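In case you want the letters, here they are:
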Amino acid sequence: MKTTSTALIVGASRGLGWGLAREYLRRGWRVIGTVRDGGGDTPLHRLRAEAGGALEIEQVDITRPEAVARLATRLDGRRLDLLFVNAGVSNDPAAPAGAVSTDEFNRVMVTNALSPVRVVEALAPLVAPDGRIAVMSSELGSVALNDDGGWEVYRASKAALNTLMRSLVARRAGDTRTHYVVAPGWVRTDMGGADAPLDIETSMPGVADAIEFRRGTPGLVYVNYRNEILPW
Ligand code: NAP
């Protein structure tokens, strides 16, 4: 009997996370998508109205460890085929690191680097032995590709996320799951802005294909929406 695969997408209220939820629903998956606020009026809520019961909505602010722990408790006993931590924030791309306040630096670093890894630590026990664990990084997180500067604090946060994921996977030698840090391309969303060359409809199916392509291969890859491996 064919069983339905389940994806948990953390940070799915709008933008890429919403697009990823829609893509997995189209592929016949059951999706649990999270929103930060419980207000109930996000693109994800509107998607649920069309999803015929295949989309559940949970709530978590990834910067609040107690909220992450409560989510793990609520989902206890569920089996996930994919955990995808998408949530992230940006800041002024033109601001040099030295000009950014400590609070602003902490906000970006804690949201983009520390919190996704905490979510992975808390929810990985729910992911099946042949499952997949992904975080949304960026090509800007590549130290090797940083020749043109800009986005200094955001870049640093995604480079830190990449390094923390490498450490996590290195620590868990013998883990049979496939891990990914994903670069979605520059995409038109609230964060990406109107000038981005890609739309969600192009990027998210590419991301889902790249994840599927490496299914069953333990370890960690840094991969983009075109299924190309990126240099760290
Ligand atoms: P977006 O439109 O600004 O959406 C960001 C998403 O993250 C929203 O669902 C937001 O929830 C959620 N989020 C932010 N902080 C959160 C927190 N503390 N707890 C829980 N959820 C939180 O951005 P996007 O363009 O879709 O980006 C999604 C991811 O892709 C980010 O990690 C971003 O860095 C990465 N990325 C984007 C691009 C691009 O070109 N768009 C390129 C490379 C990488 P709320 O609705 O509650 O704010």
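The model shown is predicted, which means the values in this text are computed figures rather than measured ones.

### Topic: the site of the ligand
The environment of the ligand is made up of 28 residues, and the closest members are Ser13, Arg36, Tyr154, Val187 and Thr189. One nitrogen or oxygen atom from the main chain of Ile62 is found 3.0 Å from a nitrogen atom belonging to the ligand. The side chain of Thr189 places a nitrogen or oxygen atom 2.5 Å from an oxygen atom of the ligand. About the coverage of the ligand: the protein hides 93% of its 900 Å² of free accessible area. Of all elements in the fold, only α1 (15-26) and α5 (152-171) reach the threshold of two or more residues within the shell around the ligand. A class-by-class count of the residues in the shell around the ligand yields eleven nonpolar, twelve polar and five charged.

### Some thoughts on the pattern of salt bridges
If charged atoms from side chains of opposite charge come close, those side chains can pair. Summed over all chains, the structure comprises 21 salt bridges. The shortest N-O distance in the salt bridge between Arg107 and Glu104 comes to 2.9 Å. Remark: Glu104 and Arg107 occur in helix α4 (residues 102-123); sequence separation between them is three residues, near one turn of the helix. What makes Glu104 partly exposed here is its relative accessible area of 24%. Note that Arg155 and Asp148 form a salt bridge whose closest N and O atoms lie 3.1 Å from each other. Judged by relative accessible area, which is 64%, Asp148 ranks as exposed. By sharing partners, the salt bridges in this structure join Arg22, Glu23, Arg26, Arg27, Glu201 and Asp209 into a single network.

The rules we used
Residues numbered from 1 in each chain as written. Predicted model: local features only at pLDDT ≥ 70, side-chain atom pairs only at ≥ 80, totals over all residues. Heavy atoms only, no water. Near = heavy atom within 4 Å. Polar contact = N/O pair within 3.5 Å; in protein donor to acceptor, adjacent residues only side chain to side chain. Areas by Shrake-Rupley, 256 points an atom, 1.4 Å probe, with all protein chains shown as cover. Helix = DSSP H or I, 4+ residues; strand = E, 2+ residues; numbered from the N terminus. Nonpolar A, V, L, I, M, F, W, Y, C, P; charged D, E, K, R; others polar. Salt bridge = Lys/Arg side-chain N within 4 Å of Asp/Glu carboxyl O. Buried < 20%, exposed > 50% of the residue type's maximum accessible area, 1.4 Å probe, protein only.

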